[in-house]
Amino acid sequence: MLWSYCEFSLLQARELFLKAVEEEQNGAVYEAIKYYKSAMQLVPDIEFKINYNRSPDPDRVGGSYLEENENEIDDLLAYFQQQLAVEHSSQKICEPEVETSQVHISALPMEVLMYIFRWVVSCDLDMRALEQLSLVCRGFYICARDPEIWHAACLRVWGRNCTKILPFTSWREMFLERPRVRYDGVYISKTSYIRQGEESLDGFYRKWHQVEYYRYLRFFPDGQVMMLTTPEEPLATVPRLRSRNTRMESILFGHYRLSQDTDNQTKVYVVVSKRKEEKVSEYQRSRFCRRNPAPDSDRTFHVGLQLSSGGRQRFNKLVWIHHSCHITYRSTGETVITAFDLDKMYTPLFFARVKSYTAFSDRPL
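For clarity, every value in this text was computed on a predicted model and none was experimentally measured.

Participant: So, helix α8 (residues 147-158): which residues are in play, and what are the values?
Facilitator: When the terminal C-alpha atoms of α8 are compared, their 16 Å separation across twelve residues agrees well with the 16 Å that a helix rising 1.5 Å per residue should span. All of the buried residues in α8 are Ile149, Trp150, Ala152, Ala153, Cys154, Val157 and Trp158. For α8, the secondary structure elements touched by its buried residues are α5 (110-121), α6 (127-133), α7 (138-144), α9 (171-177) and β4 (252-260).

Participant: Could you give me a rundown of the pattern of salt bridges, with the residues and numbers involved?
Facilitator: A pair can form between side chains of opposite charge whenever their charged atoms are brought close. Counted by the stated rule, this structure contains eleven salt bridges. Across the pair Arg353 and Asp184 runs a salt bridge whose closest N-O atoms are separated by 3.8 Å. Within this pair, whereas Arg353 is found in strand β9 (residues 349-353), its partner Asp184 is found in the loop between α9 and β1 (185-199), the two being separated by 169 residues in sequence. Asp184 gets classed as buried once you look at its relative accessible area, which sits at 12%. Linked through salt bridges whose partners overlap, the residues forming this network are Lys19, Glu22 and Glu23.

Participant: I'd like a rundown of the pairing of β9, residues and numbers included.
Facilitator: Sheet analysis places β1 next to β9, joined by four bridges and oriented antiparallel. Within β9, the position partnered with Gly185 by the bridge is Arg353. Sheet analysis places strand β7 (residues 313-329) next to β9, joined by two bridges and oriented antiparallel. The partner of Leu318 across the bridge, within β9, is Leu349.

Participant: Describe the packing of α5 against α8, listing the residues and the values that go with them.
Facilitator: Where α5 meets α8, the axes come as close as 11 Å, and the angle between the chain directions of the two elements is 35°. Two packed elements cross with a definite hand, and for α5 against α8 that hand is right-handed. Of the residues in α8, those in contact with Met114, Phe117, Arg118 and Val121 of α5 are Glu148, Ile149 and Ala152. Of the residues contributing to the contact of α5 with α8, the split by class is five nonpolar, no polar and two charged.

Participant: Mind laying out the nonpolar core, listing which residues take part and the relevant values?
Facilitator: Ranked by size, the top nonpolar core spans 48 residues in total, and within it Phe117, Tyr187, Leu217, Phe219, Val268 and Leu318 carry the most contacts. Top contributing element to this core by residue count: α8, with seven residues. Ignoring anything within four residues of it in the chain, the contact list for Phe117 reads Leu130, Leu133, Phe140, Cys143, Ala144 and Ile149. Val238, Met248, Val354 and Tyr357 belong to the second largest nonpolar core, which has 14 residues in total.

Participant: Explain a nonpolar patch on the surface to me, and be specific about the residues and the numbers.
Facilitator: Residues Ile105, Leu108, Val112 and Ile116 make up a contiguous nonpolar surface patch of roughly 270 Å² in combined accessible area. Turning to its location among the elements, Leu108 is positioned in the loop between α4 (76-87) and α5.

Basis of the calculations
- Residues numbered from 1 in each chain as written.
- Predicted model: local features only at pLDDT ≥ 70, side-chain atom pairs only at ≥ 80, totals over all residues.
- Heavy atoms only, no water.
- Helix = DSSP H or I, 4+ residues; strand = E, 2+ residues; numbered from the N terminus.
- Expected span 1.5 Å × (residues − 1).
- Buried < 20%, exposed > 50% of the residue type's maximum accessible area, 1.4 Å probe, protein only.
- Contact = heavy atoms within 4.5 Å.
- Salt bridge = Lys/Arg side-chain N within 4 Å of Asp/Glu carboxyl O.
- Pairing = 2+ DSSP bridges.
- Axes fitted to C-alpha atoms, helices over the stretch in contact; angles between N-to-C directions.
- Left-handed = near helix turned anticlockwise from the far one by under 90°.
- Nonpolar A, V, L, I, M, F, W, Y, C, P; charged D, E, K, R; others polar.
- Core = buried A, V, L, I, M, F, W, Y, C linked by side-chain atoms within 4.5 Å.
- Patch = residues over 30% accessible without salt bridge, like charges linked within 9 Å, V, L, I, M, F, W, Y side chains within 5 Å.
- Areas by Shrake-Rupley, 256 points an atom, 1.4 Å probe, with all protein chains shown as cover.

Okay, structure coming up:
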């Protein structure tokens, strides 16, 4: 995203309008109307911003303008910084397009503006919002490429394992290219199978049941994770995973870590268990709660997953490589480990972005 939204729209609208002129000259009025309409939807007064001396390039209509301009300008960040230094003798990163009686955002000190950018990223590492903010103008593009913001984001993801920037050229490139789990959504898998039911009383037929259930995994930048297995579909379940303070009893809570082995494959190791119930007073327990015997064992589930990319999205697939249950008996302290066979019931989990997860910012980066 190297151009501001206005510049990109103007370029695309100009190509569409010139293409419409060419189609009209060739007698294809119907095709010309479609191009005219598309151009005016982008820029309503595009006809007054056209240089009719240049013929349109049909290969560029509807194509990517970013690749061509990347070749013309190798370092867009340095180019924007140089332009602002020439145009503005002050330290302002932008100026209002039209005169206004209100205080413009360019009047804010750079420190305050960068603090606002950290609130945009938030503690949930919403770097997508930061990239969208960089489309506003050249000044915001420069602020969104601030190395301190991207370094802080890398530290939140990898901690002590990202002390060196090599082999990447920038902290932003490390965040975008280095394998990691995603936080702006949830990983989901669907498992279906058919099982045999009980025989009818008269013995003439036997029922067959089709069973479907989902597994959900949501990761947080601070190393925590939520895991849920339920027959409920994502439309009803995904909103409940928005906060880690959810009251769903079947959710497992725990932590995870990333590991890159010698085979250059990134693994995700998860340890989850049921959240321990808060202690209540003896008076409340005897008056309002039914007295249940305390469990004599603790269960934790250990999960190993391999992180990979599939399709257009990056780091959107998790493949099962391990699943086991650890039962620790409180009376003896003995731990019994049961490993599960990874059969066809363990389907890969695929990432689904959820906009509501990053709609609000609780804390700055």
